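# Examination of the molecular architecture
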Amino acid sequence: QVQLVESGGGLVQPGGSLRLSCAASGFTFSNYAMSWYRQAPGKGRELVATITTAGGSTNYADSVKGRFTISRDNAKNTVYLQMNSLKPEDTAVYYCYARSYYTYWGQGTQVTVSS
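Here is what the cut-offs are and how they apply
Residues numbered from 1 in each chain as written. Predicted model: local features only at pLDDT ≥ 70, side-chain atom pairs only at ≥ 80, totals over all residues. Heavy atoms only, no water. Pairing = 2+ DSSP bridges. Helix = DSSP H or I, 4+ residues; strand = E, 2+ residues; numbered from the N terminus. Core = buried A, V, L, I, M, F, W, Y, C linked by side-chain atoms within 4.5 Å. Buried < 20%, exposed > 50% of the residue type's maximum accessible area, 1.4 Å probe, protein only. Contact = heavy atoms within 4.5 Å. Disulfide = S-S within 2.5 Å. Axes fitted to C-alpha atoms, helices over the stretch in contact; angles between N-to-C directions. Phe/Tyr/Trp six-rings, centres within 6.5 Å; stacked < 30°, edge-to-face > 60°. Lys NZ or Arg CZ within 6 Å of the ring centre and 35° of its normal.

What follows deals with the pairing of strand 5 (residues 45–51). Here six bridges tie strand 4 (residues 33–39) to strand 5, and the two strands are oriented antiparallel to one another. Bridge assignment links M34 to a residue of strand 5, and that residue is I51. Between strand 4 and strand 5, which pair antiparallel one after the other, the connecting turn spans five residues, and G42 there sits at a positive phi close to 75°. The pairing of strand 5 with strand 6 (residues 58–60) spans three bridges and is antiparallel. Bridging across to strand 6, A49 finds its partner in Y60. Count of turn residues in the strand 5/strand 6 antiparallel hairpin: six residues, of which G55 carries a positive phi of about 85°.

So this is what it looks like as structure tokens:
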């Protein structure tokens, strides 16, 4: 049974930091490129960051470059999103996404940036 379970979301003040985790099971994690997406209220789902299978290459949305860092630990079947200098516009549900021959989505974790 394939599972992607996100954790680490919550309420944080502007300028603060959070680290999201996504634990994968039920498939060969190291064969999958991993991404984080987000969806703010009333908006479409937006690609935030992507990391290749071995972690050698990453890409970011312009809106998060220099503030967010995606990483992965293939030994732990986990992908991370370190989010620094958070802004109110980063408020969204954040989803983990796995892509190879098949694609899988996590259930999402809420991030709220507010004072």
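Don't stop here, the text continues.
Before going further, it helps to spend a moment on the nonpolar core. Residues L4, M34, W36, V79, L81, M83 and Y94 are the most contacted members of the largest nonpolar core, which totals 30 residues. Mapped onto this core, the elements with two or more residues apiece are strand 3 (18–25), strand 4, strand 5, strand 7 (68–73), strand 8 (78–83), strand 9 (92–99) and strand 11 (109–113). Each residue touching M83, except ones within four places of it in the same chain, is listed here: G16, S17, L18, L20, R67, F68, Y94 and V111.

So, on to the state of the cysteines. Summed over all chains, the structure comprises one disulfide. Note on cysteine connectivity: C22 is disulfide-linked to C96, with sulfurs 2.1 Å apart. Measuring handedness by torsion sign, the sulfur bridge of C22 and C96 sits at about -85° and is left-handed. Of this pair, C22 sits in strand 3 while C96 sits in strand 9, and the two are 74 residues apart along the sequence.

Strand order in the open sheet formed by four strands is 1-3-8-7, and the pairing between neighbours is antiparallel. The sheet is open, and its two borders are formed by strand 1 (3–7) and strand 7, each paired with just one other strand. This sheet shows a mean twist of 15° between the axes of neighbouring strands, independent of strand direction. By the bridge criterion, six bridges tie strand 7 to strand 8 in an arrangement that is antiparallel.

Right, let's get into the environment of N77. The topology assignment puts N77 in the loop between strand 7 and strand 8. Look at N77 and you get partly exposed, because its relative accessible area is 27%. On a C-alpha basis, the gap between N77 and Q107 in space is 17 Å, while along the polypeptide they are 30 residues apart. Once residues lying within four places of it in the same chain are set aside, the contact partners of N77 are C22, A23, A24 and F29.

Attention shifts here to the packing of aromatic side chains. Summed over the entire model, instances satisfying the criterion amount to eight aromatic pairs. Residues Y95 and W105 carry aromatic rings whose centres are separated by 6.4 Å and whose planes lie at 90° to one another, so their mutual orientation is edge-to-face. Separated by ten residues along the polypeptide, Y95 in strand 9 and W105 in strand 10 (residues 103–105) bring together distant segments of the chain. Linked through ring pairs, Y37, Y95, Y97 and W105 together constitute an aromatic cluster. A cation over a ring is seen here: R45 above W105, with NZ or CZ 4.6 Å from the ring centre.

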